[in-house]
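Here is how the chains run, residue by residue.
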Amino acid sequence: MFKRLSYIFILLACWQVSYSQIVFRSLEDVWKYADNNNITIKTMKYELDKSVYAKKQAYSALLPQATATGSYTDNIALQTTLLPASLLGGPPGTYKTLQFGEQFVYSGGINAQMNILNLQNIYNVRIAQQTQEMNKDSLASTRRFVYQQLATQFYSYLLMQEASTLADQTALIADSTYQSANNKFKEGTANEASVDLAKLNLERAQQSQITARYQMITSRNSLKGLLGFSVNDSLSIDASLNVSLNIDAAEAFTEDLSLKLSLWRAKISLSQYHLSNSAFLPTINILYNYATQRYDKTFEPFSGATGVAGWFPSQYWSLQASFPIFTSGSRYFQSKRSKINYEESMAQYENAQKQSAINDENIRLNYQRAISVLGKTQDVMNLSLDNYRHISYRYEAGLSPLDDRLNAFQNYIDYQNQYLNSLSDMLVQLYQVKIRQQSF
């Protein structure tokens, strides 16, 4: 019974570990996960949501504005007014004191206003619309930037995985060579310098092992940070560089997001220039007001009037126009600044158009160069390993000296490092092409 319970417990523990672990099998899997979990992308999504409400806010300025008012006044002591007594039939030169009004006053009203002509509000709407569209492309640009960071760490992990495999293989060969050289030294058929060279090759191979393993862990932790993991969360990469790394670099690239953003900046600058010019134009508003009052001797707002009977309504509408005549030059200089900003933005956009085409061409050329060089360095590394094996066979047959074998192995290590450098460069150019072909 105890064995059975232990077996069930172990199965549940293994299931829990496998369930909580997230496995990525390709770069596309990493990108897909980042879309919903990377903090930079999530922040840009919030900015896009805010721009949606900013546009609605700009539109709301075009709608009529209405307010309702109400008041209650208790005249504790009515104001006394002096009137000439002659007005009331009294003797000239004397005054009579009078108090006007009632103790309690109730009033209420409605005020409505609408802009008939205000170009500043119209341009604010246009700017809000353009800003929202630009934020959509900014989100895409942010995703592209994060994708580049993820690709760097993902391929760095795979590169170090490849380097670790080669380092393990090299360490085994180096250890065998060192043991052979050390035995020959003990037999008196090899000198101490040859043993030191064999030991040096072994140390270099072990150093490469340590470097590769720690850099794998570092790259995986960097991926965790980009994907919103904590340091204790489990992340596994089930991928390798054994698959074909060739892609069609001639395939059409998607529209350059940096170029689109540059165009949006130019459009917004133009709208801001028009906005600054609209400050010189008149504005026209229409206004309607309705108000009513009631006076009472006692505080009875919901009963019949005991003072002056009934309510006294009033209403009017008006058409208001405002013409800027003199504004101390501040609006004029603001308009000049906005014009310069627009011209600057257009110059940057025109230059970005030229630079984008050059960058795309260089991306294709760099990938083609990197994939060609990688093939050559891999061939050289494999030939160097074959050469080492041939010399090892000749050494074991007594046809080649130990120094030839050691030098051949040292050359193999050097060519292996060249291969890893070429592989690193090719992976960088690979994801540059993949990202330019990716739709965001």
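Since we're looking at a predicted model, the values are computed, not measured.

Parameters and conventions
Residues numbered from 1 in each chain as written. Predicted model: local features only at pLDDT ≥ 70, side-chain atom pairs only at ≥ 80, totals over all residues. Heavy atoms only, no water. pLDDT = per-residue confidence, 0-100. Helix = DSSP H or I, 4+ residues; strand = E, 2+ residues; numbered from the N terminus. Contact = heavy atoms within 4.5 Å. Pairing = 2+ DSSP bridges. Axes fitted to C-alpha atoms, helices over the stretch in contact; angles between N-to-C directions. Core = buried A, V, L, I, M, F, W, Y, C linked by side-chain atoms within 4.5 Å. Buried < 20%, exposed > 50% of the residue type's maximum accessible area, 1.4 Å probe, protein only. Salt bridge = Lys/Arg side-chain N within 4 Å of Asp/Glu carboxyl O. Lys, Arg positive; Asp, Glu negative; His and termini not counted. Polar contact = N/O pair within 3.5 Å; in protein donor to acceptor, adjacent residues only side chain to side chain.

1. Notes on the confidence of the model for the chain
Item 1. In this model, the chain carries an average pLDDT of 87, and 92% of its residues clear a pLDDT of 70 or more.
Item 2. Mean pLDDT across the secondary structure elements of the chain bottoms out at helix 1 (residues 2-20), with 47, and peaks at helix 3 (residues 39-60), with 94.
Item 3. Throughout residues 12-19 the model reports pLDDT below 50, and contacts reaching past four residues in sequence, or to other chains, amount to 0 contacts.

2. Observations regarding the sheet that holds strand 5 (residues 104-117)
Item 1. Pairing is antiparallel in the open sheet, where 4 strands are placed in the order 2-5-7-8. Of all strands in the sheet, those with a lone pairing partner are strand 2 (65-74) and strand 8 (312-322), marking the two edges. Here the strands of the sheet are splayed against their neighbours by 15° on average, with no regard to which way each runs.
Item 2. In this sheet, strand 8 lies alongside strand 7 (residues 283-296) in antiparallel orientation, the contact comprising 11 bridges. In the sheet register, Tyr288 faces strand 8, and the bridge partner there is Trp317.

3. Points about the nonpolar core
Where a protein is soluble and globular, its nonpolar side chains tend to be buried together.
Item 1. Membership of the largest hydrophobic core comes to 68 residues, with the highest contact counts inside it found for Leu150 and Tyr155.
Item 2. When residues in this core are grouped by element, the largest group, 18 residues, is from helix 4 (residues 119-187).
Item 3. Apart from the residues lying within four places of it in its own chain, the contact partners of Leu150 are Leu27, Val30, Trp31, Ala34, Leu223, Leu226 and Leu227.
Item 4. Counting 7 residues, the second-largest nonpolar core is a separate cluster that includes Ile127, Met134, Leu261 and Trp264.

4. Describing the environment of Ala112
Item 1. Looking at the secondary structure, you find Ala112 in strand 5.
Item 2. Along the primary structure Ala112 and Trp264 are separated by 152 residues, whereas in three dimensions their C-alpha atoms are 37 Å apart.
Item 3. Contact partners of Ala112, with chain neighbours within four places excluded, come to Gln65, Ala66, Ile286, Leu287 and Tyr288.

5. A word on the pattern of salt bridges
Item 1. The final tally for this structure, using the stated rule, is 14 salt bridges.
Item 2. Taking the shortest distance from any N to any O, the salt bridge between Arg144 and Asp256 comes out at 3.5 Å. With Arg144 in helix 4 and Asp256 in the loop between strand 6 (235-237) and helix 6 (257-278), this pair connects stretches of sequence that are 112 residues apart.
Item 3. Its relative accessible area of 10% is what places Asp256 among the buried residues.
Item 4. For Arg436, the salt bridge is made with Asp360, and the minimal N-O distance between the two is 3.0 Å.

6. Considerations on the side chain of Lys224
Item 1. On the secondary structure map, Lys224 appears in helix 5 (residues 192-227).
Item 2. For the buried Lys224, which has no salt bridge, the nearest side chain bearing the opposite charge is Asp233, at an N-O separation of 7.4 Å.
Item 3. Excluding anything up to four places from it in sequence, Lys224 contacts Phe229, Ser230, Val231, Asp233 and Leu235.

7. Brief notes about the side chain of Thr177
Item 1. Mapped onto the fold, Thr177 is located in helix 4.
Item 2. Judged by its relative accessible area of 1%, Thr177 falls in the buried class.
Item 3. Of note is the side chain of Thr177, whose polar atom sits 2.7 Å from the side chain of Tyr388.
Item 4. Discounting residues that sit within four places of it in the chain, Thr177 has contacts with Ala198, Tyr388, Arg405 and Leu406.

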